[in-house]
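Coordinates in review
One-letter residues, chain by chain:
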Amino acid sequence: MTHLVLVGMMGAGKTTVGKQVAARLGWPLLDSDHLIEAATGRTVREIFRDEGEAAFRALETTALIEALRRTEPAVIAAAGGVVLRDENREALRTADARVVWLKAQPDVLVERATRGSHRPLLDDDPEGTLRRMFHEREPLYEEVADAIVSVDHRTIADVVDAVLR
Ligand code: S3P
């Protein structure tokens, strides 16, 4: 097994859990949003604002595929939208990687996902948007997941243990 990939909605805890899982395994953490920001020298918000979502999604595919191609094992925190493109789901299904879906109910997501500044899609009506996205994306996460870890009402340590199990 080369990589461990965390997928799930904005606010599910991919970055927080990913950091701890990476520390436990002694592997680097690759966060797709951070890879895009490092490659372009711009923030996720700037890319959405100046070039639009389609341009961001193209950068996201490149970041995901490059991360999956690395030979050193890594924990990959894949941003919430990676499952939207067919080619990304195909890459996740066929890569030498264990894909774990951090699954959170919309109520839990609403509280957490509105904290970051890198989520322009939540600027208007975050609650309605997250609920709609959750229903649209649920089957897509399910399609790529080798394992599902529920994060609702669980501590981070508990979730980390479940991911590593
Ligand atoms: C998005 C998730 C964000 C970021 C962008 C779009 C999405 O990443 O890539 O705001 O469409 O779900 P996180 O999942 O790390 O919040």
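A brief structural summary. (Residues numbered from 1 in each chain as written. Predicted model: local features only at pLDDT ≥ 70, side-chain atom pairs only at ≥ 80, totals over all residues. Heavy atoms only, no water.)

**Here we look at the overall build of the protein chain**
Within the protein chain, the regular secondary structure consists of eight helices and five strands. Starting at the N terminus and walking to the C terminus, you meet the elements of the protein chain as β-α-β-α-α-α-β-α-β-α-α-β-α. Overall size of the protein chain, expressed as C-alpha extent along the three principal axes, is 40 × 35 × 25 Å. Of all intrachain contacts in the protein chain linking residues separated by at least 6 positions in sequence, the fraction that spans at least 24 positions is 78%. (Helix = DSSP H or I, 4+ residues; strand = E, 2+ residues; numbered from the N terminus. Contact = heavy atoms within 4.5 Å.)

**Points about the side chain of His-3**
For His-3, the position within the fold is in strand β1 (residues 3-7). Of the polar contacts made by the side chain of His-3, one reaches the backbone nitrogen of Ala-74; its length is 3.1 Å. (Polar contact = N/O pair within 3.5 Å; in protein donor to acceptor, adjacent residues only side chain to side chain.)

**Remarks on the site of the ligand**
What surrounds the ligand is a group of 13 residues, the closest being Asp-33, Arg-57, His-118, Arg-119 and Arg-137. The separation between an oxygen atom of the ligand and a polar main-chain atom of Gly-80 is 2.8 Å. A distance of 2.7 Å separates an oxygen atom of the ligand from a polar side-chain atom of Arg-119. When the ligand sits alone it has 380 Å² of accessible area, and the protein chains cover 98% of it. (Near = heavy atom within 4 Å. Areas by Shrake-Rupley, 256 points an atom, 1.4 Å probe, with all protein chains shown as cover.)

**A closer look at the nonpolar core**
Core analysis: the biggest nonpolar cluster contains 46 residues, and Val-5, Val-7, Leu-92, Leu-102 and Val-163 have the highest contact counts within it. Sorting elements by how many residues they give to this core places helix α7 (residues 126-144) first, with six residues. Those residues in contact with Leu-92 that sit more than four places away from it in its chain are Val-5, Val-7, Leu-64, Leu-68, Val-82, Val-99 and Val-144. Judged by nonpolar contacts, the second largest core, of six residues, contains Ile-36, Ile-47, Phe-48 and Phe-56. (Core = buried A, V, L, I, M, F, W, Y, C linked by side-chain atoms within 4.5 Å. Buried < 20%, exposed > 50% of the residue type's maximum accessible area, 1.4 Å probe, protein only.)

**Things to note about the pattern of salt bridges**
Counting across every chain of the model gives 17 salt bridges. Across the pair Glu-51 and Arg-42 runs a salt bridge whose closest N-O atoms are separated by 2.1 Å. For Glu-51, a relative accessible area of 43% puts it in the partly exposed group. Connected through salt bridges with shared partners, the residues Asp-86, Arg-89, Glu-90, Arg-93 and Glu-143 form a single ionic network. (Salt bridge = Lys/Arg side-chain N within 4 Å of Asp/Glu carboxyl O.)

**Details of helix α8 (residues 156-164)**
Regarding α8, the residues found buried are Val-159, Val-160, Ala-162 and Val-163. For α8, the buried positions fall inside an angular range of 165° around the axis, keeping them on one side. Of the surrounding elements, those touching the buried residues of α8 are β1, α1 (14-25), β4 (97-103) and β5 (147-150). (Arc of directions from axis to C-beta.)

**Concerning the sheet that holds β4**
With parallel pairing, the five strands of this open sheet are ordered in space as β2-β3-β1-β4-β5. Whereas interior strands pair on both sides, the edge strands pair on one side only; in this sheet they are β2 (29-31) and β5. Going across the sheet, the axis of each strand differs from the next one's by a mean of 25°, ignoring polarity. In this structure, β1 lies alongside strand β3 (residues 75-77), joined through three bridges in parallel fashion. Looking at β3, one finds that Val-5 is bridged to Ile-76. Packing of α8 onto the sheet brings it into contact with β1, β4 and β5, and relative to β4 it is tilted by some 150°. (Pairing = 2+ DSSP bridges. Axes fitted to C-alpha atoms, helices over the stretch in contact; angles between N-to-C directions.)

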